[in-house]
Every structure is written in C-alpha cells, then in structure tokens.
Amino acid sequence: MRFVDEFRDGALARGLAKAIRREARAGRNYNIMEFCGGHTHAIFRYGVQDLMPDNVRFVHGPGCPVCVLPIGRIDNAIELAERHGAIVCTYGDMLRVPASERRSLIKAKADGADIRMVYSITDALKIARETPGREVVFFAIGFETTTPPTAVAIRQAQGEGLANFSVFSNHVLTPAAVGHILSSPEVADHRTVAIDGFLGPSHVSSVIGSRAYEPAAAEFKRPVVIAGFEPLDVMQATLMVLRQLNEGRAEVENQYTRVVTRDGNTKAQALVAQVLEVRETFEWRGLGQVPESALQIREAYGDLDAERRFGVTTRCVRDAKSCECPSILRGAKKPTDCKLFGTSCTPESPIGSCMVSSEGACAAYYTYGRFRGGATPGPKEAAE
Ligand code: SF4
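Please read these numbers as outputs of a predicted model, since none were measured by experiment.

Cut-off values and rules
Residues numbered from 1 in each chain as written. Predicted model: local features only at pLDDT ≥ 70, side-chain atom pairs only at ≥ 80, totals over all residues. Heavy atoms only, no water. Pairing = 2+ DSSP bridges. Helix = DSSP H or I, 4+ residues; strand = E, 2+ residues; numbered from the N terminus. Axes fitted to C-alpha atoms, helices over the stretch in contact; angles between N-to-C directions. Expected span 1.5 Å × (residues − 1). Buried < 20%, exposed > 50% of the residue type's maximum accessible area, 1.4 Å probe, protein only. Near = heavy atom within 4 Å. Nonpolar A, V, L, I, M, F, W, Y, C, P; charged D, E, K, R; others polar. Contact = heavy atoms within 4.5 Å. Right-handed = clockwise from strand over helix to strand, strands pointing away. Phe/Tyr/Trp six-rings, centres within 6.5 Å; stacked < 30°, edge-to-face > 60°. Lys NZ or Arg CZ within 6 Å of the ring centre and 35° of its normal.

Structural notes on the sheet that holds strand 8 (residues 224–227)
With parallel pairing, five strands are arranged side by side in an open sheet as 2-1-7-8-9. In this open sheet, the two edge strands, each paired with only one partner strand, are strand 2 (56–63) and strand 9 (252–254). Within this sheet the neighbouring strands show an average axis-to-axis angle of 25°, counted without direction. The sheet contact formed by strand 8 and strand 9 spans three bridges and is parallel. Paired with isoleucine 226 across the bridge in strand 9 is asparagine 254.

As structure tokens, then:
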C-alpha cells in the first residue's frame, strides 16, 4: 500500500475485523492499552472499537504530552512571562490547559503577559533574533518525537551566541511511563485496571526504535506492538497483540515496518544525548512522580536552560477535584465516567487537560460522539 486512503479501506478493514473475531477466544478478555492519543483518535474517528468483538477492549493511555503535563509546570511557564518578563513561546494546544487558580497561558496573555503561539521551536529562535532586548523562552513539551528539533535548536542558539534565548524543557519519555503503569498496584493485581498488551506509538519509535520497549515487555510479560496511526494499522496491530496473547508470548513486534526499525534513528538519538540528559524523576499528571521519565538540558548548555537561568522551582498542584483526568490517563476510568463530561466540560469550555488537547481522550469521545452509544449515525465508516 502506498497512499493514505488505502490504510482506510473499508474492504480491508472488514477482512481484518473478521480475522480479529476468529483470533479472539471466547471465555477470555483482551484489554489493550493504546498508549498514544493519536491511536485513541484513530479508534474513535474510524469506529475501530465498534468493529471489535465484545471481549476486545481498548484502554486509553497517557500518551498525550499536553494531557500529562502537571499543573505546576504550566504555573512555571506563566511565571516566566509574568514575573520575569519573558516572551514565552509554545504550541497552540498548551494555551488553554488549566493552570492553578483557574488560570491558563491564554488567560495570562489576556492579562498582559507576552505569550505567543508558535508552530515550532524555529519560530521561537526567530523571535529571539528579532527581539534582542527581551528574554525569549520556548516552552518545550513532547515525547521522543519532538526532542531532536529541541536539541538542534539549542545547539544552533549556542553556535549563534543567542544570549536571550532559553528552553523550558518538559520532554517526557514513553518507555519509562509504560514500565511505570505496568508496575503500579492497580495494574499489577490485574483487577483494578486490566492491561493485557500495548499498542506502542509509531512516531516515537521512528526515533527510539522498537527495542526501547523490550525491557518492559520482558519484565511485565505484556506484548507490545508498535502501531501506525491509520485505522488499518491499529487493527493489524491489535490482531498481532491477540496472536501473541493466545500463543503465550510477550514480545515487542513492529507493525509499522514502513518507517520503524528495531534501533530507530541512531543519528537523532546521538544528537539528543549530546544536549539532553535523563532527569532523576518527573511528575506526570495522573501517574505522579515517574523515575527517569523526562529530559533536562545538560550542564554544557546550561545558559540555554530556562530552569537554571530563572531559578524555576515546581510546586505539586492537585487537579480540579471533580476532574477525572488523572484516572483516565492511568486507564482506570473512561471520559464518560466523569460527571462533568459533555456538561460543564466541553472542548469549548474545558475543565481538564484531556478535553483541551486535540489528542486527549475526552476530546476524542466528545468529538466523535461514540459515547452516545447507538444514537450516533455512521459509526463504522471505516468498514462500510
Ligand atoms: S470530561 Fe473534563 S473534567 Fe472530566 S475528566 Fe475529562 S477533562 Fe477532566
């Protein structure tokens, strides 16, 4: 297959759905966590869950870098703009994520802080070059996919001697979170949260390779299949997980062979390792402190580290009491378990990060209307 619509082909989807139904054994359940919000959206947008037999269930994971960022780090970004007078540059999704005291970056901007939406770190570098009299901070978020551009920009800024530019690093690491979820008591006892296997994000593995998940698959005896983001990718990867479970295997397999290799992009990995190093621990919304799960800027590039430059310290701030984002991000609850879903909390007026982010599980449920059960027309467009 070469074109994107071929990965959305209804006849092929029907064939895969049949194969999944044949593979799913009666009398056992298959709970598959799709780690990444991109997969959650593919599942909802194309009605993939509707094509599954009743005993194959997707559990939504914490794979959205906007959703997992804790409130304290958003407070930090607001402080950089308000207290230190910096121009804070970040992606559009971040602007409406709730901070503490009902604030957000967009509300801080409305109050006069200089917060700017950018499409990439290159835009932030440009702003720094054009405004030499002002501090410019790039509020960097993302999984392993977005770390190479951050590393390149930091080296570029150092090379140019761009003294007014720095990066507030919030890059997080996927395999550490997978291991953390599997070692949590609510998953380990197989009762509170059932996770039998994982769909791994293909864009992350295009950088870090598939081998990064091998330790977690071996230790916790759960299959991991690296999956692309089109509906047929998700369905084929689901079939691969089911086969492993039926055969009693717990290996890392790669469905997305058109890009991902076992070793990944070693050049990009080397570049990232020059500039960024693993933090001892980092707070994830919903997961709490996760050891070795994020990246900070190395001492050699310390001048470009906003945390060092402005003496940033992060407070631990609790999420809004009635928002179920933390449980949703751990796979313990679904968006529809939240009593605010679709009433007080909608994409137009979000209360938690899972509704703000375009990759969030609450946004996926709301946008594609699957939560309405049989009332929504056209739920199986991928296969019709
Ligand atoms: S619906 Fe809103 S309040 Fe409820 S969990 Fe989702 S984001 Fe939080």
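From this point on, the discussion continues.
What about helix 4 (residues 71–82)?
Given a rise of 1.5 Å per residue, twelve residues ought to cover 16 Å, and the 16 Å separating the end C-alpha atoms of helix 4 matches this to within 8%. The element helix 4 is largely enclosed, with a buried count of ten among its twelve residues. Every buried residue of helix 4 is accounted for by Ile71, Gly72, Arg73, Ile74, Asp75, Asn76, Ala77, Ile78, Leu80 and Ala81.

A few points about the site of the ligand
Within the structure, the ligand sits among Cys323, Glu324, Cys325, Ile328, Cys338, Leu340, Phe341, Cys345, Ile351, Gly352, Met355 and Cys362. In terms of residue class, the shell around the ligand is built from ten nonpolar, one polar and one charged.

Brief notes about the sheet that holds strand 4 (residues 115–117)
On the basis of which strands lie adjacent, the open sheet formed by four strands has the order 4-3-5-6 and parallel pairing. Lying at the two open borders of the sheet, with one neighbouring strand each, are strand 4 and strand 6 (165–171). Taking the axes of each pair of neighbouring strands and ignoring which way they run, one obtains an average angle of 25° across the sheet. Inspection of the sheet shows strand 3 (residues 87–90) paired to strand 5 (residues 136–142) by three bridges, in the parallel sense. Each bridged residue has a counterpart across the sheet, and for cysteine 89 the counterpart in strand 5 is phenylalanine 138. Lying on the sheet, helix 7 (residues 147–160) is in contact with strand 5 and strand 6; it crosses strand 6 at an angle near 160°.

As for the pairing of strand 2
By the criterion of burial, strand 2 is predominantly enclosed, with seven of the eight residues buried. For strand 1 (residues 30–36) and strand 2, the ladder comprises six bridges, and the chain directions are parallel. Among the inter-strand pairings, isoleucine 32 is bridged to a residue of strand 2, identified as phenylalanine 58. Each parallel crossover has a hand, and the one from strand 1 via helix 2 (residues 37–45) to strand 2 is right-handed.

What to know about the packing of aromatic side chains
A complete count under the given rule lists seven aromatic pairs for this structure. Between tyrosine 91 and phenylalanine 138, the aromatic rings sit 5.7 Å apart at their centres with planes inclined by 85°, giving edge-to-face as the arrangement. Residue tyrosine 91 is found in the loop between strand 3 and helix 5 (105–110), and its partner phenylalanine 138 is found in strand 5; the two are separated by 47 residues along the sequence. With relative accessibility at 22%, the residue tyrosine 91 sits in the partly exposed group. What makes phenylalanine 138 buried here is its relative accessible area of 1%. Ring geometry for phenylalanine 341 and tyrosine 365: centres 6.4 Å apart, planes at 85°, overall edge-to-face. Of this pair, phenylalanine 341 sits in the loop between helix 15 (325–329) and helix 16 (353–356) while tyrosine 365 sits in helix 17 (residues 361–368), placing them 24 residues apart in sequence. For phenylalanine 341, a relative accessible area of 12% corresponds to the buried category. Judged by relative accessible area, tyrosine 365 falls into the buried class, the value being 6%. An aromatic cluster is defined as three or more aromatic residues linked by ring pairs; in this entry it consists of Phe44, Phe341, Tyr365 and Tyr366. We note arginine 258 situated over the ring of phenylalanine 7; from NZ or CZ to the ring centre the distance is 3.9 Å.

So yeah, pure geometry; function would need other evidence.
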